[in-house]
Amino acid sequence: MKLRIATYNIHKGVSTLRSMPRVHALKQALASMEADILFLQEVQGRHDKYQTRHAGLWPEVEQHRFFAGESHHSAYGMNAVYDHGHHGNALISRYHILSSSNHDVSDHAYESRGILHCVVETPAVAVHCYVIHLGLFARSRRRQTEALVEAVHKFSPPDAPLIIAGDFNDWTNQLSATLREQLGVTEVFDENIPSRGFGTYLRRLGGRGPQLRPARTFPAALPWLRLDRIYVRGFRIESAQVLHGPIWAKLSDHAPIVASLELKTGL
């Protein structure tokens, strides 16, 4: 079985330059990815001010339901709540979502963060999906990563196919080793580094050879920082790419990642 997936921080459906709604253009862009499962961050569940100020440009339903339409299923994890609305993470799936739960991993009062865990019923197997948006501070990200590892061990069977995707805000790439070691996952761009050769030998000895690094996704207009990730377990990675260019730069400050996966046999 093959899956096409994507992760995208959509910046609440508002353009980064003029703070104008781009929700309808975003829906078209998401559909163009042809993804079976979408992992979305900064999804606006409600925003009364935009609803009133931009009538006709702002959907009357929650963004995750608007993006899903009638053809897809959706789940939403509400994280940040304020007087005029709320936002969080969302999962949009071509396949039925068997269950969903949102785990609060907020580390302090100034950032509301959560882990959205969904179990998706694909034609071959149930896939455990985790949508992530970690904090801006390194210590917070470390504690939130520990909470993620604990959640996966607690709620996902060790042999279950697993996808963890989202905005990790980990521009120094300090968290990948922990996830690989404790969860047995692979980042979708890991295979860009040769698995054999003298460089790999050096890397294993002292980290002096070619390093495993995620792709650059931020800012979308000229990606430089490596913020967004997709980690998988139980899948072979057929391809992975960052979508960038003028169109994507207008939609969000992050560029999306799209990956094609194939379920490993025997699962």
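Details of the structure are given in the entry above.
Conventions and cut-offs
Residues numbered from 1 in each chain as written. Predicted model: local features only at pLDDT ≥ 70, side-chain atom pairs only at ≥ 80, totals over all residues. Heavy atoms only, no water. Helix = DSSP H or I, 4+ residues; strand = E, 2+ residues; numbered from the N terminus. Rg over C-alpha atoms; globule rule 2.2 N^0.38 Å. Buried < 20%, exposed > 50% of the residue type's maximum accessible area, 1.4 Å probe, protein only. Contact = heavy atoms within 4.5 Å. Areas by Shrake-Rupley, 256 points an atom, 1.4 Å probe, with all protein chains shown as cover. Pairing = 2+ DSSP bridges. Axes fitted to C-alpha atoms, helices over the stretch in contact; angles between N-to-C directions. Phe/Tyr/Trp six-rings, centres within 6.5 Å; stacked < 30°, edge-to-face > 60°. Lys NZ or Arg CZ within 6 Å of the ring centre and 35° of its normal. Core = buried A, V, L, I, M, F, W, Y, C linked by side-chain atoms within 4.5 Å. Salt bridge = Lys/Arg side-chain N within 4 Å of Asp/Glu carboxyl O. Parallel < 35°, antiparallel > 145°, perpendicular 65-115°, else oblique. Left-handed = near helix turned anticlockwise from the far one by under 90°. Nonpolar A, V, L, I, M, F, W, Y, C, P; charged D, E, K, R; others polar.

1. Concerning the overall build of the protein chain
In terms of helices and strands, the protein chain carries 7 helices and 12 strands. Radius of gyration (C-alpha) of the protein chain: 18 Å, near the 18 Å computed for a compact globule of 267 residues. Judged by the C-alpha coordinates and their principal axes, the protein chain covers about 60 × 40 × 35 Å. The burial tally for the protein chain puts 51% of its 267 residues in the buried class. Counting only contacts in the protein chain whose residues sit at least 6 apart along the sequence, the fraction spanning at least 24 positions is 69%. When the accessible area of the protein chain is evaluated, it comes to approximately 13000 Å², of which 51% is carbon and sulfur surface.

2. Re unusual backbone geometry
Residue Pro219 is bonded to the preceding Phe218 through a cis peptide linkage, with omega at -5°. One can find Pro219 in the loop between helix 6 (198-206) and strand 10 (228-233). You will see that Asn169, though not glycine, has its phi angle at about 50°, which is positive. Structurally, the position occupied by Asn169 is in the loop between strand 8 (162-167) and helix 5 (176-183). With a relative accessible area of 6%, Asn169 lands in the buried category.

3. As for the sheet that holds strand 11 (residues 235-242)
The 6 strands are arranged 3-4-2-1-12-11 in an open sheet whose pairing can be described as mixed. Of all strands in the sheet, those bounded by a partner on one side alone are strand 3 (73-82) and strand 11. Direction aside, neighbouring strands of the sheet carry axes that sit 25° apart on average. As paired strands, strand 1 (residues 2-9) and strand 12 (residues 257-263) are joined by 6 bridges and run antiparallel to one another. Bridge pairing in strand 12 links Lys2 to Glu262. Contacts between helix 1 (residues 23-33) and the sheet are confined to strand 1, strand 2 (37-47) and strand 12, with strand 1 contributing the most and set at about 150° to the helix.

4. What to know about the packing of aromatic side chains
Following the criterion strictly, the structure yields 3 aromatic pairs and no others. A ring pair is formed by Tyr8 and Trp248, whose centres lie 5.9 Å apart and whose planes are at 75°; its orientation type is edge-to-face. Of this pair, Tyr8 sits in strand 1 while Trp248 sits in helix 7 (residues 246-251), and the two are 240 residues apart along the sequence. We note that Tyr8, like Trp248, is buried. Centre to centre, the rings of Phe168 and Tyr231 are 5.4 Å apart; their planes meet at 70°, and the pair counts as edge-to-face. A residue pair is termed long-range when its members are at least 10 positions apart, and Phe168 in the loop between strand 8 and helix 5 and Tyr231 in strand 10 qualify at 63 residues. The burial state of Phe168 is the same as that of Tyr231; both residues are buried. For Arg141, the ring lying beneath its charged end belongs to Trp171, and the centroid distance is 4.6 Å.

5. Some details on the nonpolar core
Ranked by size, the top nonpolar core spans 31 residues in total, and within it Ile5, Phe39, Leu91, Ile163, Val188, Ile230 and Leu261 carry the most contacts. Sorting the residues of this core by element identifies strand 1, strand 2, strand 6 (114-121), strand 7 (126-133), strand 8, strand 10, strand 11 and strand 12 as the ones contributing at least two each. Examining the composition of this core, we find that 4 residues originate from one element, strand 12, more than from any other. Discounting residues that sit within four places of it in the chain, Leu261 has contacts with Met1, Lys2, Leu3, Ile5, Ile163, Val188, Val232, Phe235, Arg236 and Ile237.

6. Describing the pattern of salt bridges
Scanning the entire structure with this criterion turns up 9 salt bridges. Taking the shortest distance from any N to any O, the salt bridge between Asp36 and Arg94 comes out at 2.8 Å. Separated by 58 residues along the polypeptide, Asp36 in the loop between helix 1 and strand 2 and Arg94 in the loop between strand 4 (85-93) and strand 5 (96-104) bring together distant segments of the chain. Measuring nitrogen to oxygen at the nearest pair gives 2.8 Å for the salt bridge that ties Asp107 to Arg143.

7. Structural notes on the packing of helix 4 (residues 138-155) against helix 5
Taken N-terminus to C-terminus, the directions of helix 4 and helix 5 make an angle of 20°; their axes are 11 Å apart at the nearest point. Here helix 4 is positioned roughly parallel relative to helix 5, judged by the angle of their axes. In this structure, helix 4 crosses over helix 5, and the sense of that crossing is right-handed. Across the interface between the two elements, Thr145, Leu148, Val149, Val152 and His153 of helix 4 pack against Thr178, Leu179, Gln182 and Leu183 of helix 5. Looking at the contact of helix 4 with helix 5 residue by residue, the class counts come to 5 nonpolar, 4 polar and no charged.

Everything listed here is a matter of geometry and, on its own, says nothing about what the molecule does.
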